[in-house]
Amino acid sequence: MKHTIPIALTVLLLATAALWWRMKPPAFTDACIETGESIALCAASNMARFSRQAPIKKEHNDFDLARGSVKLVAARNESIGFQLIFRTLDATAPDDAEINIGHWQGPTIKEPQPEGILNSSATPNRTYPSTKLAIAHYHWVKKGGYKWGPKSQVLPWPAAYPDALIPQHKNCAGEQQTLFDNIAMPSAAHHNQAVWLETYVPHGSTPGQYSLPITVNIGNEQIRVDVTLTVYNTTLPDTPSIDAIGELYRTYRLEGAGEEREAASWQAMSHCYQQIAHQHRMVFLERSPELPQASQWDDYVKTYTPMLTGELFTDAYGYSGTGANTPVSVWRTPWPQEFNVTLEAPLTDDDFSRYATMASQWEQIAKENNWLSTRFFAYVFDEVDGPKSTPTNIDEATYVAMVHEQMDKLQKAIDTGTELTSLDLLWTSHSNPAKWLDKPALDLSDKVRLWSPNAGAADPSFLQTRIAAGDRVWFYHSGHPAVGVHSINASGIEMRTWGVIGAKYGIQGQLMWAVNLGSDERPFAEPSYKPDDDRFGNGVLVYPGNQLDKIGYPKAPGPIPSMRLKAWHRGLQDAELYLLALENKPDEAVALMNKIMPVALADASGNASWSSRPADWIEF
């Protein structure tokens, strides 16, 4: 008899717990709501990178579906993304789900709105935000340690992580395609499927609060998700404050457009890639084909004039997004990158004369075609003065002195070929240029005008002196603690740091060495330029739409963006907001920046200084 009460109580407690469990949000997260169809629906920010099987954690109250709507904030001319994630709870989950995006509703204009203190040139006509949907494709990260370069913190592997974002509706070169209607659910229990929703806020949007109803149909159940968007009375500039450059290789073989610039299909594909870059405040530069022959300049001019005048980014070319009717900010001359890693011998007089002639020819073409709003640069040397560049038969100081003398002479030769146009020779290196300051024969000051060390070698104090002298400064990839990593198994905070670091230190540009250099045979399964590179995704930020049939979608030629491209874009927008705030509230802006990004680039040591908590970045 003495055991009867405890057993009864135990049964009652278990029954109560089971009922409570069915009524509360699932235990694995309170950013989710559990449906009656064995699926949980969760919300997450644009920084979340949950693997296929990882539990969904709440990042911030703005993404807590159990409390109500998803809450977003944005300026005009800004894009903001978030995720909805489906998680199967058991084997009875439906095979698919449907998402229907309603219409934005918001404030009406009764009279012209005054501009706020964070002011730019908003157009007076009122327009509404627009939202697009994409499915996240999961890539199996078999080798993801990020130990090839600086050892950096990444998410656990092996595991499958989302990256490629397959758009529901795709438009390239006037060809519009619908790639999916419903979202396929994972076949196994306790697996995730993310979708990406991105909203662009046009110039003419009235400041205030907007709402967007989204209905999600899962089996026999319909769920409503309300999104609220607060649009602030400020506008991001159309011309980027930071040059963000990604290099394109093997263009555009995997897109079925061949490799010859004179082909109409190649030119159309080039325009598709430039448009998606422009929408993300970037420029994509094609590595091939290089210098046109005399008979090929007409094709070059025909291809690139629309992007160098801004016409490519207008309604006439089917463009929508930031930078409408705005030329690309920076462009590379189509000259061969002749000298890589090691400069075997000094250049000849004929070499210098040849570059002077090419510079003169380039300036004449730019003038004739009204390419007047874009800065041009030449990429001839690549990492030829790094620590591992010196040949075995010469000492390092003698070699570096020779290399830097050749750079100086080549820039002077280029300058003799130009009159009005400044055509800067790009310097890239793994070396910190500050180390040569006390060595006159090695010092690059007043020899180089466009600097781009890797992030770990980017010495802010030295580079800021060069900016003050009128030079331009970029950085390129590295790893912790200098800059966020660019691998697929990393949070969205990592690539977001690029723009924020640039704004903090006044660095004017960022170079991603390759954005489409993955496997020809398995571009989605092996998105790295080398199979043994453990920086999984290195070399790929966009995927070839013409290869989508390899992962179960219709072929759709043209670039497929990645989550990492979106994260880089997010940081570039952060930079614009910070620079606007810096003009108007400098003390508060600097304090905010120092809190989120205490130190980076060559100033940093040890572990990454920035927060790994999405909530901190959402508040930022």
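Residues numbered from 1 in each chain as written. Predicted model: local features only at pLDDT ≥ 70, side-chain atom pairs only at ≥ 80, totals over all residues. Heavy atoms only, no water.

K.L.:
I keep staring at the state of the cysteines and nothing clicks. Help me out?
P.N.:
Two cysteines whose sulfur atoms are joined by a covalent bond form what is called a disulfide. Within this structure, the stated rule accounts for two disulfides. The connectivity of the disulfide-linked cysteines in the protein chain, indexed sequentially, is 1-2, 3-4. (Disulfide = S-S within 2.5 Å.)

K.L.:
For this particular structure, what's the right way to read the pairing of strand 20 (residues 423-429)?
P.N.:
As a general feature of sheets, a regular strand has side chains that alternate between the two faces. Here strand 20 lies mainly inside the structure; seven of its seven residues are buried. Taking every second residue as pointing to the same face, both faces of strand 20 are buried, with Leu 423, Leu 425, Trp 427 and Ser 429 on one and Asp 424, Leu 426 and Thr 428 on the other. The pairing of strand 18 (residues 375-378) with strand 20 spans three bridges and is classified as parallel. Bridge assignment links Phe 377 to a residue of strand 20, and that residue is Asp 424. Relative to strand 21 (residues 450-453), strand 20 runs parallel, the two being bridged by four bridges. Considered in strand 21, the bridge of Thr 428 is made with Ser 452. (Buried < 20%, exposed > 50% of the residue type's maximum accessible area, 1.4 Å probe, protein only. Helix = DSSP H or I, 4+ residues; strand = E, 2+ residues; numbered from the N terminus. Pairing = 2+ DSSP bridges.)

K.L.:
It is not clear to me how the nonpolar core should be interpreted in this structure. Could you clarify?
P.N.:
Across soluble globular proteins, you tend to see nonpolar side chains buried next to one another. If you look at the biggest cluster of nonpolar residues, it comprises 110 residues, and the most contacted ones within it are Phe 284, Trp 331, Trp 335 and Phe 381. Top element by residues in this core is helix 5 (residues 396-416). It accounts for nine residues. With 49 residues, the next largest nonpolar core counts Ile 39, Leu 41, Trp 104 and Ile 218 among its residues. (Core = buried A, V, L, I, M, F, W, Y, C linked by side-chain atoms within 4.5 Å.)

K.L.:
When you look at the packing of aromatic side chains in this model, what are you seeing that I'm missing?
P.N.:
Aromatic ring pairs are described here by two measures, namely the spacing of the ring centres and the angle between the planes. This model, assessed by the stated rule, comprises 24 aromatic pairs. Aromatic side chains Tyr 300 and Trp 371 sit 6.5 Å apart centroid to centroid with 55° between the ring planes, which places their arrangement in the tilted category. A residue pair is termed long-range when its members are at least 10 positions apart, and Tyr 300 in helix 3 (residues 297-309) and Trp 371 in the loop between helix 4 (349-368) and strand 18 qualify at 71 residues. By relative accessible area, which is 1% here, Trp 371 ends up buried. A ring pair is formed by Phe 313 and Tyr 319, whose centres lie 5.4 Å apart and whose planes are at 70°; its orientation type is edge-to-face. For the residue pair Phe 313 and Tyr 319, the accessibility class agrees, reading buried in each case. An aromatic cluster is defined as three or more aromatic residues linked by ring pairs; in this entry it consists of Trp 297, Tyr 300, Tyr 304, Trp 331, Trp 362, Trp 371 and Phe 376. In this structure, Arg 52 is placed above the aromatic ring of Tyr 138, and the distance from its NZ or CZ to the ring centre is 4.1 Å. (Phe/Tyr/Trp six-rings, centres within 6.5 Å; stacked < 30°, edge-to-face > 60°. Lys NZ or Arg CZ within 6 Å of the ring centre and 35° of its normal.)

K.L.:
What is the right way to look at the side chain of His 404 in this model?
P.N.:
Tracing the chain through its elements places His 404 in helix 5. With a relative accessible area of 0%, His 404 lands in the buried category. Polar side-chain contacts of His 404 include one of 2.7 Å to the side chain of Asp 385. (Polar contact = N/O pair within 3.5 Å; in protein donor to acceptor, adjacent residues only side chain to side chain.)

K.L.:
What exactly am I supposed to notice about the confidence of the model for the protein chain here?
P.N.:
When pLDDT drops low, the exact placement of atoms in the prediction is not to be read closely. Confidence in the prediction of the protein chain, expressed as mean pLDDT, is 92, and 92% of residues score 70 or more. The low-confidence segment residues 1-5 (pLDDT under 50) makes zero contacts with residues lying over four places distant or belonging to another chain. Here residues 10-27 is a poorly scored stretch, pLDDT under 50, and it has 12 contacts once near neighbours within four places are set aside; other chains count. (pLDDT = per-residue confidence, 0-100. Contact = heavy atoms within 4.5 Å.)

K.L.:
Help me out: how do you make sense of the sheet that holds strand 2 (residues 39-45) in this one?
P.N.:
Adjacent strands of a sheet pair through backbone hydrogen bonds, lying either parallel or antiparallel. Strands sit in the order 1-2-4-11-6-7 across an open sheet of six strands; the sheet is antiparallel. A strand with exactly one partner marks an edge of an open sheet, and here the two such strands are strand 1 (32-34) and strand 7 (159-167). With strand direction ignored, the average angle separating the axes of adjacent strands in the sheet is 25°. The pairing of strand 1 with strand 2 spans three bridges and is antiparallel. In the strand pairing of strand 2, Cys 32 is matched with Cys 42. (Axes fitted to C-alpha atoms, helices over the stretch in contact; angles between N-to-C directions.)

K.L.:
Sorry if this is basic, but what is going on with the environment of Ile 276 here?
P.N.:
Looking at the secondary structure, you find Ile 276 in helix 2 (residues 264-279). Residues Ile 276 and Gln 361, 85 residues apart in the sequence, show an inter-C-alpha distance of 30 Å. Beyond its immediate stretch of four places on either side in the chain, Ile 276 contacts Phe 284, Pro 559 and Pro 561.

K.L.:
Would you mind showing me how to read unusual backbone geometry here?
P.N.:
If a residue is not glycine, its phi is most likely negative; likewise, a peptide bond is most likely trans. The omega torsion of the bond from Trp 157 to Pro 158 falls at 0°, within 30 degrees of zero and hence cis. On the secondary structure map, Pro 158 appears in the loop between strand 6 (130-141) and strand 7. Here the amide bond leading from Ser 288 into Pro 289 is cis, since omega sits at -10°, within 30 degrees of zero. Mapped onto the fold, Pro 289 is located in the loop between strand 15 (283-286) and helix 3.

K.L.:
Quick question: what am I supposed to make of helix 8 (residues 563-584) here?
P.N.:
At 3.6 residues per turn, the α-helix brings residues three or four places apart onto the same side. Taking 1.5 Å of rise per residue, the 22 residues of helix 8 would be expected to cover 32 Å, and the 32 Å separating its terminal C-alpha atoms lies within 8% of that figure. Of all 22 residues making up helix 8, 17 are buried, and the element is well covered by its neighbours. (Expected span 1.5 Å × (residues − 1).)

K.L.:
I would appreciate a short explanation of the pattern of salt bridges in the present structure.
P.N.:
Charged atoms that come close allow side chains of opposite charge to pair. Here the structure, examined in full by the defined rule, presents 30 salt bridges. Residue Asp 520 is joined to Arg 250 by a salt bridge in which the shortest nitrogen-to-oxygen separation is 2.6 Å. Of the two residues, Asp 520 is situated in the loop between strand 23 (509-512) and strand 24 (542-544) and Arg 250 in the loop between strand 14 (243-248) and helix 2; the sequence distance between them amounts to 270 residues. Judged by relative accessible area, which is 13%, Arg 250 ranks as buried. Here Arg 332 and Glu 290 are joined by a salt bridge, their closest N and O atoms 4.0 Å apart. (Salt bridge = Lys/Arg side-chain N within 4 Å of Asp/Glu carboxyl O.)

K.L.:
Would you mind going over the environment of Lys 504 with me for this structure?
P.N.:
Counting through the fold element by element, Lys 504 comes out in helix 7 (residues 492-505). A relative accessible area of 18% places Lys 504 in the buried class. Residues Lys 504 and Ala 264, spaced 240 residues apart in sequence, show a C-alpha to C-alpha distance of 43 Å. If near-sequence neighbours (up to four positions away) are discounted, Lys 504 is found in contact with Met 593, Asn 594, Met 597, Pro 598 and Val 599. A polar contact is formed between the side chain of Lys 504 and the backbone oxygen of Met 597, at a distance of 3.0 Å.

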